[in-house]
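# Notes for the structure review
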Amino acid sequence: MAKSAINNELPVSRGNARPNYEIRPPSIFGFNLLANLSKLLQYKDLIWTLSLHRIKVRYKQSVLGILWAFLQPISMMLVFTFIFSLIARMPSEGIPYAIFAFTALLPWNYFSTSVANATSSLVKDAQFVTKVYFPREILPITYIVAALFDFAVASILLAGLLIYYKIALTVNVLYVAPILLVLTCFALAISLIFSATQVRFRDIGMAVPLLLQLWLFATPVIYPLSAVPARWRSFYVLNPMVGIIESFRDVVLKGEPPNMRYLMFSAVVSVILLFVSYLYFKRVEATMADFV
Amino acid sequence: MIDLKFDTVSKRYRIFKESETEGKRNALGRLSRRLRGNWSDFWALRDVSFEVSRGEALGLIGQNGAGKSTILKLLYNITTPTKGRIRVNGRLAALIEVASGFHPDLTGRENVYLNGSLLGMKRSEIRSKLDSIVDFAGVSAFIDTAVKRYSSGMYLRLGFSIAAHLDPDILLLDEVLAVGDAEFQSRCLERINQLRRAGTTIVFVSHNLGAIENLCDRVFLLRHGEIYRSGAPRYVISEYEHMLTSMPAATAKGLIDVHDAPASEIVSVIFYNSEGRRTTMFATGDAARVEVELMVHEPVEDALVEVYFYSIFGNIHSHFSTEIDGPTLDLQKGRCIIEFDCPQLPFEVAAFNIESSIKLRGSSFNEHVDYKRTGSINITRGKPVHGAFHTPHTWTVRSVAPPDSDHSTPAVVRNVD
């Protein structure tokens, strides 16, 4: 079989467009956002293939397969419901606690899964980083896409819970789209910073699980924002996740428009942070292969 | 038309010294080392400038650490220069380590998509080339099997086949001929030549000097991060051979226990071809005469002399010792030459590092009077090798005529060697 292939002349075909570019020593002043984004866009097929690969590999050779995407938020919901509703009597603004917690866990899990996986992405795929060129931000991005897939699967479960608890959606549910966009920007910004830093300092990998746990308690996931004492609230809302999670629950469960002040604050912080983190990531990327 | 241009490019690697108590990735440790200035700088390239024209094939040779792979890494944008500028004009692809982007749990088909897109192919491009990739690799029957079930040969062939389907304007090749069997290597060369005929600009790094000579228009000999010699392949390769044989041979310290002042020293190990010309290039099946020159400071009784052929990855390929089939050596003070004759070198196409040792009979494997890396040789295509090595052989047919015929004498129909 292999023998016959020797005489198999492969066609040589190539496009006419020859890219022409210059490689220079890294410099923050040479950062060109548009050039980087257009390069990233050229690699959209890689983002897609690698994201699919993340999802496939995760569920391959496991008996329950895709069911794990349901099981994780369900089990967290059950644990939190048991502890905070039956034992600790957490307030939930008149909403059944199970769906109250689950609705917030959905975007929270999306965020924490993204950050946890993306942080180690560059180190885990070191063999790609040292052998092949492609925009390195693709590695953290694909983990975020995979986490978004889990989010979509778990959303089906949320729909089931909404029907079970007879909670009607209003037109305000359309706010979910911009809220998710803000959340994705924020998750991406944090992922870029952590993953780039992890290349040099493995401490980040150790600190992230702990940090995410503390962050969960500093965000209105298992309790409502209204339970935070008023005098601390102006400080508390500096956490961009507050506006995101609270808005998500408002538009889905209460059918109300989100608190625009909080959401806008989260959006502005996310966009600025995303820009800064991209700048930082690209600077680290230049010599990443020397350290990873 | 210039496709590649290096303008006074330098690349520095900063090596932080590690102490026992501080972890390498420990932030505080790093910070303190940084403040104390506890590092050393290694310049992998120093002010290197050159241009490569469209359709030209440039070869890079030199010893490990000379800067060959750094040039490729900079071109491929895996890392960036510390100083200088690099201009690239064209779509660039690298055939560096085939199959490095494979995931064992995914099927052959899924891996083709994954690896192909890592190398910069579009999904539509991969889809249209999938059949051709699979055919070329000869793994059609197993395309929906997880690649962890593949043999290493299938793995390599599929990896190469994907890379071979890239159609870049500029192709970077790093030691592609160092893996796989002879057949696989000849297919690599076939494809490379084909791309070359189609006008692809090529930068080729290899220890295989024969392949460099066959493929390249121009060769650079790198040394300590600088272009030491450049020009026609024949000239630069002979300069390199000269450099290797005339250089004070490096001893493999740390691995082997060598005395500070050996009682006898290996001066050189020099290869001669059948015409008696000194060379490091042989074809499979060529005769070789090897002269091991010794300088004996103190008389050594019952000594053994050994010649090792190592692959460039450090695997031992062959080991010849006077202990097994040589004369008894009682070395007297002064110069001494020991000759080793091999009527047919059996090796497949590859580069070999030659190491040599003097030892005492009965000493353990790492106790040497002297041990040296004494250069390298290159084996090019000669006698056919299908498998690991060539061996002299003949074919004979014993009965050609029907059994009832009168002519029952055996007839030799084909005779190899």
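Residues numbered from 1 in each chain as written. Chains lettered and ligands numbered in written order. Predicted model: local features only at pLDDT ≥ 70, side-chain atom pairs only at ≥ 80, totals over all residues. Heavy atoms only, no water.

## A word on the overall build of chain A
In plain terms, the rule: Under the DSSP-based scheme used, a helix requires at least four consecutive residues in state H or I and a strand at least two consecutive residues in state E, with every element numbered from the N terminus. Only protein chains enter the calculation, and the probe is 1.4 Å; a residue is then buried if its accessible area is under 20% of its type maximum, exposed if over 50%, and partly exposed in between. Residue contacts are counted whenever heavy atoms from the two residues lie within 4.5 Å of one another. What sets the accessible areas is the Shrake-Rupley method with a 1.4 Å probe; for residues, cover comes only from the shown protein chains. A positive count includes Lys and Arg, and a negative count includes Asp and Glu. His and the chain ends are not counted in either. Every charge is mapped to an atom, namely NZ of Lys, CZ of Arg, CG of Asp or CD of Glu.
What chain A contains, in helices and strands, is 13 helices and 1 strand. Secondary structure of chain A in N-to-C order comes out as β-α-α-α-α-α-α-α-α-α-α-α-α-α. Counting all 292 residues of chain A, 51% fall into the buried class. Intrachain contacts of chain A at a sequence separation of at least 6 include 80% that bridge at least 24 residues. Surface exposure of chain A reaches about 13,900 Å², of which carbon and sulfur atoms provide 70%. In chain A, which carries 24 positive and 13 negative side-chain charges, the distance between the mean positions of the two groups comes to 3 Å.

## Comments concerning the overall build of chain B
When its secondary structure is counted, chain B shows 9 helices and 20 strands. For chain B, the residues scored as buried account for 51% of the 417 residues in total. Taking the contacts inside chain B whose residues are at least 6 apart along the sequence as the reference set, 72% of them involve residues at least 24 apart. Accessible area of chain B: about 19,600 Å², with a carbon and sulfur share of 50%.

## Overview of the interface of chain B and chain A
Frequently, the measure chosen for interface size is the accessible area that the parts lose on association. Defined as follows: Accessible area, probed at 1.4 Å, shrinks when two parts are joined; the buried area is that loss added up over both. By definition, a salt bridge exists where a carboxyl oxygen of Asp or Glu is found within 4 Å of a side-chain nitrogen of Lys or Arg. By the criterion applied in these results, polar contacts are pairs of N or O atoms within 3.5 Å in which, for protein atoms, one can donate a hydrogen and the other can accept it, and in which residues neighboring in sequence qualify only through two side-chain atoms. Lys, Arg, Asp and Glu make up the charged group, whereas Ala, Val, Leu, Ile, Met, Phe, Trp, Tyr, Cys and Pro make up the nonpolar group; the residues left over, Gly among them, are polar.
Taken together, the 70 residues of chain B in the interface contact 54 residues of chain A. Counting the surface lost from both chain B and chain A, the interface buries some 5,500 Å², and carbon and sulfur atoms represent 51% of this. Counting across the chain B and chain A interface gives 6 salt bridges. The partner of Asp290 of chain A in a salt bridge is Lys11 of chain B, with the nearest N and O atoms 2.9 Å apart. Viewed at the interface, chain A and chain B are joined by 15 residue pairs in polar contact (both at pLDDT 80 or more). By residue class, the composition of the side of chain B that touches chain A is 23 nonpolar, 21 polar and 26 charged.

## Topic: the pattern of salt bridges
Under the definition given, this model contains 29 salt bridges over all chains. Linked through salt bridges whose partners overlap, the residues forming this network are Arg18 of chain A together with Asp3, Arg54 and Asp169 of chain B.

## Quick word on the nonpolar core
For clarity, the cut-off: Throughout this description, the term nonpolar core refers to a set of buried Ala, Val, Leu, Ile, Met, Phe, Trp, Tyr and Cys residues connected via side-chain atoms within 4.5 Å.
Phe111 of chain A together with Phe6 of chain B are the most contacted members of the largest nonpolar core, which has 163 residues in total. It is helix α8 (residues 176–200) of chain A that provides the largest number of residues to this core, a total of 15 residues. Each residue touching Phe111 of chain A, except ones within four places of it in the same chain, is listed here: Leu183, Phe186, Ala187, Ile190, Leu212, Trp215 and Met241 of chain A. Listed in part, the 27 residues of the second largest apolar core include Val290, Leu331, Ile338 and Phe340 of chain B.

## Notes on the confidence of the model for chain A
Residues and elements named next belong to chain A. We apply this condition: Per-residue confidence from the predictor is reported as pLDDT, a score between 0 and 100.
Predicted confidence across chain A gives a mean pLDDT of 87, with 94% of residues reaching 70 or more. Within chain A, no element has a lower average pLDDT than helix α3 (residues 68–87), which sits at 81, and none a higher one than α8, at 96. Contacts of residues 1–8 to residues separated by more than four positions or lying in other chains number 14 contacts, the stretch itself having pLDDT below 50.

## Observations regarding the sheet that holds strand β1 (residues 20–23) of chain A
For clarity, the threshold we go by: Two strands pair under a simple rule: DSSP has to find at least two bridges between them. Fitted lines through C-alpha atoms serve as axes, helices being fitted only where they are in contact, and the angles separating the N-to-C directions of these axes extend from 0 to 180 degrees.
Pairing is antiparallel in the open sheet, where 4 strands are placed in the order β1(A)-β4(B)-β1(B)-β2(B). The open sheet has two edge strands, β1 of chain A together with β2 (39–53) of chain B, and neither has a second partner. Each strand axis lies, on average, 20° off the axis of its neighbour in the sheet, ignoring direction. Note that strand β1 (residues 2–16) of chain B and β2 of chain B share 11 bridges and pair antiparallel. Its bridge partner lying in β2 of chain B, Arg12 of chain B is registered against Trp43 of chain B. Helix-sheet contacts for helix α2 (residues 68–75) of chain B involve β1 of chain A together with β1, β2 and β4 (83–89) of chain B, and the interaxial angle to β1 of chain B is about 115°.

## Let's talk about the sheet that holds strand β7 (residues 201–205) of chain B
All names here are of chain B. With mixed pairing, 6 strands are arranged side by side in an open sheet as β5-β6-β7-β3-β8-β9. The strands lining the two open edges of the sheet, one partner per strand, are β5 (92–95) and β9 (226–231). Strand-to-strand twist across the sheet, computed as the mean angle between neighbouring axes with direction ignored, equals 20°.

## Some words on the layout of surface pockets
Note the following rule: In this analysis the probe radius is 1.4 Å and the grid spacing 1 Å, with only protein atoms considered; a cavity is a set of points the probe fits into but cannot get out of, a pocket is an open set with protein on both sides within 12 Å along at least five of seven lines, and lining residues have an atom within 4 Å of a point. Grid points are joined across faces, edges and corners, and a volume is the space filled by probe spheres set on the points.
For the largest pocket, the calculated volume is near 830 Å³. In terms of lining, the largest pocket is formed by 26 residues, of which the most central are Glu22, Arg24, Gly30 and Asn36 of chain A together with Asn77 of chain B. Counting only elements with at least two residues in the lining of the largest pocket, the list comes to β1, α1 (33–42) and α12 (260–285) of chain A. No other element matches α1 of chain A, which puts 5 residues into the lining of the largest pocket. Looking at the lining of the largest pocket residue by residue, the classes come out as 11 nonpolar, 8 polar and 7 charged.

## With respect to the packing of helix α2 (residues 44–59) of chain A against helix α3 (residues 108–118) of chain B
The axes of two packed helices give the description: the angle between them and the distance between them. To keep things clear, this is the line we draw: What sets the label is the angle itself: under 35 degrees gives roughly parallel, over 145 gives roughly antiparallel, 65 to 115 gives roughly perpendicular, and the rest give oblique. Handedness of a helix crossing follows the sense of rotation of the near helix relative to the far helix, less than a right angle counterclockwise being left-handed and clockwise being right-handed.
Contact geometry for α2 of chain A and α3 of chain B: axes closest at 9 Å, N-to-C directions at 140°. Between α2 of chain A and α3 of chain B, the interaxial angle falls into the category oblique. In terms of crossing hand, the pair formed by α2 of chain A and α3 of chain B is left-handed. Where α2 of chain A approaches α3 of chain B, its residues Asp45, Leu46, Thr49, Leu50, His53 and Lys56 of chain A are matched on the opposing element by Glu110, Tyr113, Leu114, Ser117 and Leu118 of chain B. Broken down by class, the residue content of the contact of α2 of chain A with α3 of chain B amounts to 5 nonpolar, 3 polar and 3 charged.

## Focus: the packing of aromatic side chains
In plain terms, the rule: The criterion for an aromatic pair is that two Phe, Tyr or Trp rings (for Trp, the six-membered ring) have centres within 6.5 Å, with stacked assigned to planes under 30 degrees apart, edge-to-face to planes over 60 apart and tilted to the rest. Here, a charge over a ring means that NZ of Lys or CZ of Arg falls within 6 Å of the ring centre while also lying within 35 degrees of the ring normal.
Across all of its chains, the model carries 20 aromatic pairs over all chains by this definition. The interplanar angle of 40° and the centroid separation of 5.8 Å between the aromatic rings of Tyr97 of chain A and Phe100 of chain A together place this pair among those described as tilted. With Tyr97 of chain A and Phe100 of chain A both in helix α4 (residues 97–119), this residue pair falls 3 residues apart, about one helical turn. On the basis of relative accessibility, which here comes to 6%, the residue Tyr97 of chain A falls in the buried class. Taken together through their ring pairs, the aromatic side chains of Phe271, Phe282, Phe309, Phe320, Phe340, Phe347 and Phe352 of chain B make up a single cluster. Stacked on the ring of Phe291 of chain A, the Lys or Arg Arg200 of chain A has its end atom at 3.7 Å from the ring centre. Seen from the ring of Tyr228 of chain B, Arg229 of chain B lies directly overhead, with NZ or CZ sitting 4.6 Å from the centre.

## Here's the deal with the side chain of Ser92 of chain A
Residues and elements named next belong to chain A. By secondary structure assignment, the location of Ser92 is in the loop between α3 and α4. Among the polar contacts listed, one links the side chain of Ser92 to the backbone oxygen of Ile95, at a separation of 2.7 Å. Those residues in contact with Ser92, other than ones at most four positions away along the chain, are Tyr97 and Phe100.

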